[in-house]
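The lines below spell out each chain.
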Amino acid sequence: RYFLDRIAKLDPQLNSYITLSEDVALKQAAHADTQIQHGDASLLTGIPIAHKDLFCTAGTLTTCGSKMLNNFIPPYESTVTGRLQNAGAVMLGKTNMDEFAMGSSNENSYYGAVKNPWNLDTVPGGSSGGSAAAVAAGLAIAATGTDTGGSIRQPASFCGITGLKPTYGRVSRFGMIAYASSLDQAGPMAKSAEDCAHIMQAMAGFDDKDSTSSETPNDDYLSNLNAPLTGLKIGLPKEYFGDGLDAGVADVIMAAVKEFEKLGAEVKEISLPNLNLSIPSYYVIAPSEASSNLSRFDGVRFGHRCEDPKDLLDMYMRSRAEGFGQEVQKRIMVGTYALSEGYYDAYYLKAQKIRRLIKQDFTNALQEVDVIMGPVAPTTAFGLGSKTNDPVAMYLEDIYTLSVNLAGIPAMSIPAGFSNNMPVGLQIMGNYFAEAKLLNVAHQYQ
Ligand code: GLN
């Protein structure tokens, strides 16, 4: 009730929720009360959380930020939301996001832009902007997000919260509406690394409903949080500190790195030479996969259908033209083009080769150091509307996050300080399945 009242009071300004699931929340909370009375509670029992609106929630509207799904009530539950529910968490509602998770500012949502609680004239980041704003404003204790190219880390950075993108395959994608299947990964967004560890404990792990889910056993994300950082080797990629990085952001990051030295870590410069190729490679691979994934939205089985179609083709064409927003249509066209005969080798295959080089860069660097640190984004939260007419400027925002998804490694954003009164996130990247290490490093700093 406390959270529902707070949402009713504050969210009209922020627009961080698309759907409030008040009835579900109160029912789950009552159930949690009974469990607590019977001494049958876990640490998540009764904890009010929110879910990004691309996790299918049985019986609760799931829009993916799109008009295409503005009437879609899934008949089944995603693994992530189901596991959190089983662990006792209470679902307050579904959070706003860029349509089909395509965006870096949450301005591509059919349900309106989300505002950054630190300054209502700025964006919260995207695509999990609703989840980040809700947690930052105290409208949920924690939230789920997904990260295909930075969508957990960048909004976490802009809103001053902690977010973890796990290793590809660590968390099940079952019931998560797909954007780019080889990059998508769900993770927790919360006030601290410790809270993220609790959520990970419930949501991570093998799922036979997702063929890309990893059978590597889960680590215990809580037991290692207090391990000392003495001797930890931190790598600072020189490419992350070059042109384009805001000086205020750089200062905050370097001050945070100094704190880690005080905690016993050793810092050295490393190189990730193919960083600059991450944007062109990602913006070929992600739209290609999206063009294929989004072909299922044809007005036949679910989602938006146009009025009075003349014939089948007319129904496909008008349903998709009406249901998808501009950015989504643009990416479907780019992806279709890149995958088409004659262009496939020049674009898609080339992008995949670059992806291999980027992965190799990380593998090499992580033989020398335990974790890699740098900024999450080149700037703090930018002004609402300031980049909407300049897609290249918007895509450049993703320079420090995309390569992590191309490689498949885990990474976090943790609050490191402020520049011009706006939060700055420090990015911590690690080796495959090193989530427990990242959470430990983050927790020691916090
Ligand atoms: N900003 C990136 C994009 O628009 C990443 C989004 C994401 O991680 N879902 O594709």
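The protein chain carries the name Glutamyl-tRNA(Gln) amidotransferase subunit A in an unreviewed UniProt entry, which gives Marinomonas aquiplantarum as its organism. Quoted straight from UniProt, the Subunit (unreviewed entry) entry for the protein chain says "Heterotrimer of A, B and C subunits."

J.: Just checking my understanding: could you explain the sheet that holds strand 5 (residues 162-165) for this structure?
T.: Here we have 11 strands laid out as an open sheet, ordered 1-3-2-4-6-5-10-11-9-7-8, and mixed in their pairing. Two strands lie at the open edges of the sheet, namely strand 1 (17-20) and strand 8 (266-270), each paired on one side alone. Averaged over all pairs of adjacent strands, the angle between strand axes in this sheet comes to 30°, irrespective of strand direction. Relative to strand 6 (residues 186-190), strand 4 (residues 142-146) runs antiparallel, the two being bridged by five bridges. The residue of strand 6 that forms the bridge with Gly-145 is Gly-187. Contacts from helix 6 (residues 193-203) reach strand 4, strand 5, strand 6 and strand 10 (411-419), with the element oriented near 145° to strand 6.

J.: Sorry if this is basic, but what is going on with helix 3 (residues 79-86) here?
T.: Helical geometry: 3.6 residues make up each α-helical turn, so side chains three or four residues apart lie on a common side. Helix 3 sits mainly inside the fold: seven of its eight residues count as buried. Restricting attention to buried positions, one finds in helix 3 the residues Thr-79, Val-80, Thr-81, Gly-82, Arg-83, Leu-84 and Gln-85. Contacts from the buried residues of helix 3 go to strand 2 (48-52), strand 3 (90-95), strand 4, strand 6 and helix 6. Positive phi shows up at Gly-88, right after helix 3, with a value of about 105°.

J.: Even after reading the chapter, I still don't get the site of the ligand, so can you show me in this structure?
T.: In the neighbourhood of the ligand, 13 residues make up the surrounding shell, with Ala-101, Ser-104, Thr-148, Gly-149 and Ser-151 lying closest. Its residues assigned to classes, the shell around the ligand comprises four nonpolar, seven polar and two charged.

Quick notes on the rules
- Residues numbered from 1 in each chain as written.
- Predicted model: local features only at pLDDT ≥ 70, side-chain atom pairs only at ≥ 80, totals over all residues.
- UniProt positions renumbered as here; feature names shortened; annotations may be inferred.
- Pairing = 2+ DSSP bridges.
- Helix = DSSP H or I, 4+ residues; strand = E, 2+ residues; numbered from the N terminus.
- Axes fitted to C-alpha atoms, helices over the stretch in contact; angles between N-to-C directions.
- Contact = placed C-beta atoms within 7 Å.
- Buried ≥ 20, exposed ≤ 12 C-beta atoms within 10 Å, placed from the backbone.
- Near = placed C-beta within 6 Å.
- Nonpolar A, V, L, I, M, F, W, Y, C, P; charged D, E, K, R; others polar.

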